[in-house]
Amino acid sequence: MTTDTTTKSPEAASVPPPGAAPAPKRAARGHRRLLTRRDRFTLALMAGVPTVLHVALVWVTALASIALAFTTWDGIGFDSIKWVGLENFKQLFNDNPQFWPAVQHNVIWFVVLILIPTPLGLFLAVQLDKNIRFSRVYQTAFFLPVVISMACIGFVWQLVYNPDTGLINSIVGANKPGHYIDWIGDPDLNLWAVLVAASWRHTGYMMILYLAGLKGVDPSLREASALDGANEWQTFKNVIFPTLRPTNTVVLVVTVIEALRAFDLVFVFNKGAQGTELLSILVTNNIIGESSRIGYGSAIAVVLLVISLVVIVPYLVATFRKERRS
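Being a predicted model, the structure only gives us computed values, none of them experimental.

A word on the overall build of the chain. Summing up its helical and strand segments, the chain has 15 helices and 2 strands in all. Counting all 326 residues of the chain, 32% fall into the buried class. A separation threshold of at least 6 residues defines the contact pool for the chain, and within that pool the share at least 24 residues apart is 66%.

Before going further, it helps to spend a moment on the pattern of salt bridges. On inspection of all chains with the given rule, the structure shows 5 salt bridges. In this structure, Lys215 engages Asp129 in a salt bridge whose closest nitrogen and oxygen atoms are separated by 3.4 Å. In this pair, Lys215 sits in helix H9 (residues 190-215) while Asp129 sits in the loop between helix H5 (117-128) and helix H6 (135-147), placing the two residues 86 residues apart along the sequence. For Asp129, a relative accessible area of 15% gives the class buried. Residue Arg222 is joined to Asp129 by a salt bridge in which the shortest nitrogen-to-oxygen separation is 3.0 Å.

So, about empty space enclosed by the protein. Scanning all chains against the criterion turns up 1 cavity of 30 Å³ or more. In terms of lining residues, the largest cavity is bounded by Trp109, Leu113, Met150, Ala198, Arg201, His202, Glu258, Arg261, Ala262, Phe263, Asp264 and Leu265. Every element with two or more residues in the lining of the largest cavity is listed here: helix H4 (99-115), H9 and helix H13 (264-270). For the lining of the largest cavity, the per-class residue count stands at 7 nonpolar, 1 polar and 4 charged.

Once that is clear, we can look at helix H7 (residues 150-160). Among the residues of H7, those classed as buried are Met150, Ile153, Gly154, Trp157 and Val160. Mapping the buried residues of H7 onto a view down its axis gives an arc of 110°, with all of them on the same face. Where the residues of H7 are buried, they touch H6, helix H8 (167-172), H9 and H13. The backbone nitrogen of Ala151 lies 3.2 Å from a side-chain oxygen of the residue at the head of H7, namely Ser149.

All right, on to the environment of Asp164 then. Among the secondary structure elements, Asp164 is positioned in the loop between H7 and H8. Once you skip the residues sitting within four places of it in the chain, Asp164 turns out to touch Asn175 and Tyr180. Separated by 3.4 Å, the side chains of Asp164 and Tyr180 make a polar contact.

This part covers the packing of H6 against H9. Two quantities define a packed helix pair, namely the angle between the axes and the distance from one axis to the other. H9 packs onto H6 with a crossing angle of 125° between their chain directions and a minimal axis gap of 7 Å. The orientation of H6 with respect to H9, classified from their angle, is oblique. The two elements H6 and H9 cross, and the hand of that crossing is left-handed. Counted together, Gln139, Phe142, Phe143, Pro145 and Val146 of H6 and Trp200, Arg201, Gly204, Tyr205, Met207, Ile208 and Leu211 of H9 form the full contact between these two elements. Partitioned by chemical class, the residues of the contact of H6 with H9 number 9 nonpolar, 2 polar and 1 charged.

Here we come to the packing of helix H10 (residues 219-227) against helix H11 (residues 232-243). Look at H10 against H11: their axes get within 10 Å of each other, and the N-to-C directions meet at 160°. Of the possible angle classes, the one that applies to H10 and H11 is roughly antiparallel. The element H10 and its partner H11 pack so that their crossing is right-handed. From H10, Leu221, Arg222 and Ser225 reach across to H11, where they touch Thr235, Val239, Ile240 and Thr243. Across the contact of H10 with H11, the residue classes tally to 3 nonpolar, 3 polar and 1 charged.

A word on unusual backbone geometry. At Phe134, a position not held by glycine, the phi torsion is positive, near 60°. Structurally, the position occupied by Phe134 is in the loop between H5 and H6. The exposure class assigned to Phe134 is exposed, which follows from its relative accessible area of 51%. The phi angle at Lys271 is positive, at roughly 60°, despite the residue not being glycine.

We describe a pair of aromatic rings using the distance from one ring centre to the other and the angle between the two ring planes. For the coordinates displayed, the defined rule picks out 13 aromatic pairs. Between Phe236 and Phe241, the ring centres sit 5.9 Å apart and the planes meet at 55°, which makes this aromatic pair tilted. For Phe241, a relative accessible area of 33% gives the class partly exposed. Taken together, the aromatic side chains of Trp157, Tyr161, Trp183, Trp200 and Phe269 make up a single cluster linked through ring pairs. A cation over an aromatic ring shows up here: Arg293 above the ring of Tyr296, its NZ or CZ 4.1 Å from the ring centre.

What counts and how
Residues numbered from 1 in each chain as written. Predicted model: local features only at pLDDT ≥ 70, side-chain atom pairs only at ≥ 80, totals over all residues. Heavy atoms only, no water. Helix = DSSP H or I, 4+ residues; strand = E, 2+ residues; numbered from the N terminus. Buried < 20%, exposed > 50% of the residue type's maximum accessible area, 1.4 Å probe, protein only. Contact = heavy atoms within 4.5 Å. Salt bridge = Lys/Arg side-chain N within 4 Å of Asp/Glu carboxyl O. 1 Å grid on protein atoms, 1.4 Å probe; cavity = no way out; pocket = protein on both sides within 12 Å on 5 of 7 lines; lining within 4 Å. Points joined across faces, edges and corners; volume = space filled by probe spheres on them. Nonpolar A, V, L, I, M, F, W, Y, C, P; charged D, E, K, R; others polar. Arc of directions from axis to C-beta. Polar contact = N/O pair within 3.5 Å; in protein donor to acceptor, adjacent residues only side chain to side chain. Axes fitted to C-alpha atoms, helices over the stretch in contact; angles between N-to-C directions. Parallel < 35°, antiparallel > 145°, perpendicular 65-115°, else oblique. Left-handed = near helix turned anticlockwise from the far one by under 90°. Phe/Tyr/Trp six-rings, centres within 6.5 Å; stacked < 30°, edge-to-face > 60°. Lys NZ or Arg CZ within 6 Å of the ring centre and 35° of its normal.

By themselves these figures say nothing about function.
This is how it looks when you write it as structure tokens:
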């Protein structure tokens, strides 16, 4: 009895017999597409729309303002745009009686915010960092003005400063005819009255920033200071406060930005007139006011932009250098 052994080659083994259905093709190995066409479209839509809006509303408008600062334009038709060079800036620095008072008021705004609400916010943050009872309630109460619209804050403080029925005049007894204190209409008082309202809001902002910085302080530093016999004030002055240097930088930049972009609170009070002139108010009055001097208003906006960059650019450079070193 003999057995015939047939040796089949791999090629022959892979060929299906006649009449048999072809074997299904195996999926190609390698890179697999994780995103379908619909996923890619959705991702492009979600990332593209915000990008287009940001470029159109921020970068394009900023570049357009810089270009229009060297022109004169009444806003009616692009044919009326005329190149005037530095004429707008010359007129701004030499012939505008409101420009330098507005700059002075912005500087006063910054000085007041950095000297009053900033230390007060730091004090509140230090107290809340001690994990006292109802700490969350206090944080919410102090931070609540920050999340409220500045326009709403302006309306609230208008009621407080009302000469007839306002809280302050009622307390000091100046709500009677002939004894009114006009906190908003008096040029010697209205700027300081607005700054009180701005400081009320800014205190909560500073409190949250410093509280976040205090939460990042290493507890071992406090323990080491206590072992060395330092009291609470010495520990804060020599150990805690130096570690808050990054937070202090952020606070400084934020305060400068808040001082330069101050607008809505003043506009609600008295539209930036009679002693409350600000650069942002001048920009608005010239661009969308009755005169519609868009080129002149853009020149003021460029000055405001340059002042902002003088403060922000060094901060960004220092931050990027620190990240590269780390």
